[in-house]
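Geometric and topological summary
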Amino acid sequence: AKLAELTRTVTYFARLEEPVDYDSLDDEPVDLVFLILAPESANGDHLKLLARVSRAFKDAEFRERLRGAEDASALDILLNQD
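Below: a short report on this structure. (Residues numbered from 1 in each chain as written. Predicted model: local features only at pLDDT ≥ 70, side-chain atom pairs only at ≥ 80, totals over all residues. Heavy atoms only, no water.)

Some thoughts on unusual backbone geometry
To be explicit about the condition: Helix and strand definitions here come from DSSP, where helices need a minimum of 4 consecutive H or I residues and strands a minimum of 2 consecutive E residues; each element is numbered from the N-terminal end.
For D23, which is not a glycine, the phi torsion comes out positive at approximately 55 degrees. Among the secondary structure elements, D23 is positioned in the loop between β2 (10-20) and β3 (30-39).

Structure (structure tokens):
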């Protein structure tokens, strides 16, 4: 999402305790959520970030590592690796 109030791109990740039905293409409930908030003036960097997140989340092993991370620091390491 783009918001006029923002001066920089902000990201949030959530791992849901209870998956929710989302009418997804794979018919699987959603338990991993990634949010990207960008300023209205964003020049496309948020789209590059979205593409990177999309590629990462297509990897079943990566998703399982996210689900198995024991704490926030483990999640941070997984989400910020290149």
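Looking at the pattern of salt bridges
Filter applied, for reference: A side-chain nitrogen of Lys or Arg and a carboxyl oxygen of Asp or Glu constitute a salt bridge if their distance falls within 4 Å.
Scanning the model with the defined rule gives 4 salt bridges in all. The closest approach of N and O atoms between D45 and K48, which form a salt bridge, is 4.0 Å. In this pair, D45 and K48 are both assigned in helix α1 (residues 45-57), 3 residues apart and thus about one turn of the helix distant. Of the charged contacts, one joins R65 and E61 as a salt bridge, the two residues approaching to 3.3 Å between their closest N and O atoms.

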